[in-house]
Amino acid sequence: MTGSASPRETTPLEERLIALIKSRGPISIADYMADALFHPHDGYYTSQTPIGAKGDFTTSPEISQIFGELIGLWLVQSWEDIGAPKAFNLVELGPGRGALMQDILRAARLRPAFLDAARIWLVETSGRLRHEQQRRLRDAGIAPEWADRFADVPAAPTLLVANEFFDCLPIRQFMRVETGWRERLVGVDEKGLAFTLAETPPLPTIDIPEMHAAAIGDIFEVNEPGEALIDEIARALIERSGRALIIDYGHMQSGYGDTLQSIRRHAHWPVLNAPGSADITAHVNFERLFTRAFAAGAAAFGPVSQGEFLERLGLVIRLERLSAGKSAAEAADLFAGAHRISSSSQMGELFKALCISSPSLPEPAGFRP
Ligand code: SAH
């Protein structure tokens, strides 16, 4: 099913947004995304079952256990690099259904002292997903704590992971027109919600780099909450030792382009159609996140492609070990999962890993050949 062929359907949230925009004027794409994804009652993450074969999209830890296991070993190594503190925060941003944390903690069993020292914090806004995380981790004998925001996690040495978290933070878009840049907004036309442009230029506080002569119609995207969060993470890692591993899909270098997209039932869906019923994401601009962390005084490594990162951490050896003694069908499944998360034609190239670190630590594993 493609967007253009889909019948136009609506949601209560769409009706309310149309009424609001008619009375008050267009809203930013960030405000639209925030409502469509996180509205306390009708938001996509609050009201739907987003992740997994029965949901709308799937993620690396849902595809292959090897993803979380290798990251678990990376975290154990990082814990040793920060001096094996007797107490530290193991933080995950946006844990989805809890698969990544489950695999991390299973792999970390080889260092019981790591597990004894870890206080597990899950940063999650969706009550539904918190429930799923609790159920899954309880079955594995783990009792995490939850926070609404990273800022609410108490200060301590910190190891943090975030997979497919930054891509769902609300972005703003700016479009090049004859006279400069204009913010792209969500307004209404006779058919319903429709993109439009602000009548006046953006405030000078919006930093839109002139990378090369922008053509009329070029779009620049800014992830303001993502960049603010990088500042918070960098500050925390400067005050207390630790590392953050951020994995997501996106580009190594800043560029112009419209990457806003919506996915429903594993297929593309029109971004402005039936908000609350589909996922909406944008590519992560890793160059901006790297620069931001560095400017705040933290060390930053990467980004490297997910495929390279996982191969350097031992994907092939882990796959061989797991497959040994398995039936041909089970071994084929394990291979298919590992291939999907690492091959450049699938998730291995588009997805990237970035590490933000306390300034004085050794280079983390996986970021250099
Ligand atoms: N990391 C998981 C799920 C990714 S989906 C995986 O790899 O499978 C994004 C997750 O981030 C969901 O759990 C969503 O509810 C959560 N989330 C999105 N924005 C958030 C925010 N601002 N604060 C806390 N959690 C958020």
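Our subject is the structure that appears above.
Remember, it's a predicted structure, so these values are computed and weren't measured experimentally. (Residues numbered from 1 in each chain as written. Predicted model: local features only at pLDDT ≥ 70, side-chain atom pairs only at ≥ 80, totals over all residues. Heavy atoms only, no water.)

**Student:** Can you help me understand the sheet that holds strand β13 (residues 279-281) in this one?
**Tutor:** Read across the sheet, three strands follow the order β12-β11-β13 without closing on themselves; strand pairing throughout is antiparallel. Strands at the two margins of the open sheet, each flanked by one partner only, are β12 (267-269) and β13. Averaged over all pairs of adjacent strands, the angle between their axes in this sheet comes to 40°, without regard to strand direction. Relative to β13, strand β11 (residues 261-264) runs antiparallel, the two being bridged by three bridges. Across the sheet, residue Q261 finds its bridge partner in β13, namely T281. (Pairing = 2+ DSSP bridges. Helix = DSSP H or I, 4+ residues; strand = E, 2+ residues; numbered from the N terminus. Axes fitted to C-alpha atoms, helices over the stretch in contact; angles between N-to-C directions.)

**Student:** Can you walk me through the packing of aromatic side chains in this structure?
**Tutor:** Remark: the centre distance and the inter-plane angle together describe each pair of aromatic rings, the angle taken between the planes. Enumeration over the complete set of coordinates arrives at 11 aromatic pairs. For the ring pair W181 and Y256, a centre distance of 5.6 Å and an interplane angle of 45° mean the geometry is tilted. With W181 in strand β7 (residues 180-189) and Y256 in the loop between β10 (242-251) and β11, this pair connects stretches of sequence that are 75 residues apart. In this pair, the class of W181 matches that of Y256, namely buried. Judged by centre distance (6.1 Å) and plane angle (15°), the ring pair of F290 and F294 falls under stacked. Here the residue F290 and the residue F294 both occupy positions in helix α10 (residues 286-295), the gap between them amounting to four residues, near one helical turn. Ring-pair connections join several aromatic residues into one group, and the members of that group are F38, Y44 and Y45. The ring of F195 carries R184 above its face, with NZ or CZ at 3.9 Å from the centroid. (Phe/Tyr/Trp six-rings, centres within 6.5 Å; stacked < 30°, edge-to-face > 60°. Buried < 20%, exposed > 50% of the residue type's maximum accessible area, 1.4 Å probe, protein only. Lys NZ or Arg CZ within 6 Å of the ring centre and 35° of its normal.)

**Student:** Please explain the nonpolar core as it appears in this structure.
**Tutor:** As a rule of thumb, nonpolar side chains are buried together in soluble globular proteins. Counting 46 residues, the largest nonpolar core has I71, L75, L90, F114, L245, F309 and F367 as the members making the most contacts within it. The biggest single contributor to this core is helix α5 (residues 65-81), with eight residues. L90 has contacts with L75, M101, I104, L105, F114, A118, R119, I120, W121 and L159, leaving out every residue within four places of it along the chain. Formed by 27 residues, the second largest nonpolar core is a distinct cluster that contains W121, A162, F166 and L237. (Core = buried A, V, L, I, M, F, W, Y, C linked by side-chain atoms within 4.5 Å. Contact = heavy atoms within 4.5 Å.)

**Student:** Whenever I open this one, the environment of D81 confuses me. Can you help?
**Tutor:** Its location among the elements puts D81 in helix α5. Given a relative accessible area of 23%, D81 falls into the partly exposed group. When the C-alpha positions of D81 and P364 are compared, they lie 8.7 Å apart, and in sequence the two are 283 residues distant. When neighbours within four sequence positions are excluded, D81 is seen to be in contact with R243, L361 and P362.

**Student:** What is the right way to read the site of the ligand from this model?
**Tutor:** In the neighbourhood of the ligand, 19 residues make up the surrounding shell, with T59, G94, G96, E124 and N163 lying closest. Here T59 contributes a side-chain N or O atom positioned 2.6 Å from an oxygen atom of the ligand. Between the ligand and G96 there is a distance of 3.1 Å, counted from an oxygen atom to a backbone nitrogen or oxygen. If you map the ligand onto the pockets, it falls in the largest pocket. Residue composition of the shell around the ligand, by class: 10 nonpolar, six polar and three charged. (Near = heavy atom within 4 Å. Polar contact = N/O pair within 3.5 Å; in protein donor to acceptor, adjacent residues only side chain to side chain. 1 Å grid on protein atoms, 1.4 Å probe; cavity = no way out; pocket = protein on both sides within 12 Å on 5 of 7 lines; lining within 4 Å. Sits in = over half its atoms within 2 Å of the grid points. Nonpolar A, V, L, I, M, F, W, Y, C, P; charged D, E, K, R; others polar.)

**Student:** When you look at the pattern of salt bridges in this model, what are you seeing that I'm missing?
**Tutor:** Taken as a whole and assessed by the stated rule, the structure comprises 21 salt bridges. Residues D42 and R16 are paired through a salt bridge, measuring 2.8 Å at the closest nitrogen-oxygen approach. One end of the pair, D42, is in the loop between α2 (29-38) and α3 (44-47); the other, R16, is in helix α1 (residues 12-24), with 26 residues separating them in the sequence. You can call R16 partly exposed: its relative accessible area is 40%. Note that R243 is salt-bridged to D81, the shortest N-O span being 3.0 Å. Of this pair, R243 sits in strand β10 while D81 is found in helix α5, placing the two residues 162 residues apart along the sequence. (Salt bridge = Lys/Arg side-chain N within 4 Å of Asp/Glu carboxyl O.)

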